[in-house]
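# Geometric and topological summary
This is what each chain is made of:
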Amino acid sequence: MADVPQRPDARPLSPRALYEEVAERLRHQIFARQLEPGSWIDELRLCAEFGISRTPLREALKVLATEGLVTMKVRRGAYVTEMSTADVAQVYHLLALLESDAAATVATGANDTHRDRLRRLHARLEAETGDRDVFFATNEEFHMALLDAAGNRWATQVVTDLRKVMKLNRHHSLFKQGRIEESLAEHRALVAAILAHDAEAARRLMREHFDNGLAAAA
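For the structure given in this document, a descriptive report is provided here.

Definitions and limits used
Sequence order as written defines residue numbering, which begins from 1 separately in each chain. Note on the predicted model: pLDDT of at least 70 is required for a residue's local features to be given, and 80 or more for side-chain atom pairs to be given and counted; whole-chain, interface and lining totals, by contrast, use all residues. By convention in this description, side-chain values take in all heavy atoms of the structure and omit both hydrogens and water. Between the rings of Phe, Tyr and Trp (Trp by its six-membered ring), a pair exists once the centres lie within 6.5 Å; its type follows the angle of the planes, with under 30 degrees stacked, over 60 edge-to-face, and the other angles tilted. Numbering of helices and strands runs from the N terminus; a helix is a DSSP stretch of H or I covering at least four residues, while a strand is a stretch of E covering at least two. Burial classes follow relative accessibility: with a 1.4 Å probe on protein chains only, a residue under 20% of its type's maximum area counts as buried, one over 50% as exposed, and anything between as partly exposed. When checking whether two residues touch, look at their non-hydrogen atoms; a contact exists if any pair is within 4.5 Å. Note on terminology: a nonpolar core comprises buried Ala, Val, Leu, Ile, Met, Phe, Trp, Tyr and Cys residues joined through side-chain atoms within 4.5 Å. We define a salt bridge as a side-chain nitrogen of Lys or Arg found within 4 Å of a carboxyl oxygen belonging to Asp or Glu. Axis lines are fitted through C-alpha atoms, for helices just across the contact stretch, and the angle between N-to-C directions can take any value from 0 to 180 degrees. Oblique is the label for any angle not covered by the other classes, which are roughly parallel (under 35 degrees), roughly antiparallel (over 145) and roughly perpendicular (65 to 115). Crossing handedness is read from the near helix: turned anticlockwise from the far helix by less than a right angle, it gives a left-handed crossing, and turned clockwise, a right-handed one. Ten residue types, Ala, Val, Leu, Ile, Met, Phe, Trp, Tyr, Cys and Pro, are classed as nonpolar, four, Asp, Glu, Lys and Arg, as charged, and the remainder, Gly among them, as polar.

What follows concerns the packing of aromatic side chains. Applying the stated criterion across every chain, the model contains 1 aromatic pair. The interplanar angle of 75° and the centroid separation of 6.2 Å between the aromatic rings of Tyr-92 and Phe-210 together place this pair among those described as edge-to-face. Remark: Phe-210 occurs in helix H9 (residues 199–217) and Tyr-92 occurs in helix H4 (residues 85–109); sequence separation between them is 118 residues. Each member of the pair, Tyr-92 as well as Phe-210, is classed as buried.

Mapped onto the elements of the fold, Met-144 is located in helix H6 (residues 132–150). Apart from the residues lying within four places of it in its own chain, the contact partners of Met-144 are Thr-156, Val-159, Thr-160 and Arg-163.

Turning to the nonpolar core, a few remarks are in order. Nonpolar side chains tend toward joint burial in soluble globular proteins. Membership of the largest hydrophobic core comes to 55 residues, with the highest contact counts inside it found for Leu-26, Ile-30, Leu-57, Leu-146 and Leu-190. No other element matches the 10 residues that H4 contributes to this core. Setting aside anything within four residues of it in sequence, one finds Leu-146 in contact with Glu-99, Ala-102, Ala-103, Val-106, Leu-118, Ile-194 and Met-206. Of all hydrophobic cores here, the second largest spans 5 residues; its members include Leu-125, Phe-136, Ile-180 and Leu-184.

The subject of this paragraph is the pattern of salt bridges. Throughout the structure, instances matching the rule amount to 22 salt bridges. The salt bridge involving Arg-58 is made with Glu-43; its shortest N-O contact spans 3.0 Å. Residue Arg-58 is located in helix H3 (residues 54–67), and its partner Glu-43 is located in helix H2 (residues 43–50); the two are separated by 15 residues in the primary sequence. Taking relative accessible area as the criterion, Arg-58 reaches 41% and is therefore assigned partly exposed. The partner of Glu-59 in a salt bridge is Lys-62, with the nearest N and O atoms 3.3 Å apart. Here Lys-62 and Glu-59 lie together in helix H3, a separation of 3 residues that amounts to about one turn. Note on Glu-59: relative accessible area 32%, which makes it partly exposed. For Lys-62, a relative accessible area of 49% translates into the label partly exposed. The network of salt bridges with shared partners includes Glu-24, Arg-27, Glu-67, Asp-161 and Lys-164.

If you want to describe how two helices pack, look at the angle between their axes and the distance between the axes. Running from amino to carboxyl end, helix H5 (residues 112–127) crosses H6 at an angle of 170°, the nearest separation of the two axes being 9 Å. When the axes of H5 and H6 are compared, the pair comes out roughly antiparallel. You can see that H5 and H6 cross each other, and the crossing is left-handed. Here His-114, Arg-117, Leu-118, Leu-121, His-122, Arg-124 and Leu-125 of H5 lie close against H6, whose contacting residues are Phe-135, Thr-138, Asn-139, Glu-141, Phe-142, Ala-145, Leu-146, Asp-148 and Ala-149. When the residues that make up the contact of H5 with H6 are grouped by side-chain class, the tally is 8 nonpolar, 4 polar and 4 charged.

Here it is, written out as structure tokens:
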């Protein structure tokens, strides 16, 4: 009897594709400034470092190009994207629109579990001002938790990509002297508005938070 072809959906799932692992490692190097914004990506060196062929590396670079972290130049190869002043302003503008809308939604539409999570994350921020890297990580977790509470998966997807690109900014707003303390005060007021179910105040405060962040990043 001839073998019956196996249906594609009946085959066992393959492990995570190699190019996805390579993309994740490159993201880490970009965010850690091991690959600097504007720098040329040496494919041969990376292939030797990772112990891979050029095929998964190039597939990984395509993924990062789609995310905006890498810029592909014809006949010149791939470069880590460098953020211009206009780029930074545009990213902040979009984040302000999406996250201020999310803040208003959470103030009136989220459940107590989501609001309590935001309150607890803010309490962690208050305790982490002495460790900048930990503060940055918790700050991002707070903002993504807000998006999660708002329940708009499309907004969450866009913000996730925008926040990756924002990490390319050499002059991150929280690096400015005193900005962490200002950001904490803004978060404090925002959380108070959300817990008070004041949607318009939450929307306004989130917009102001991004406006102030942009001014500090300039």
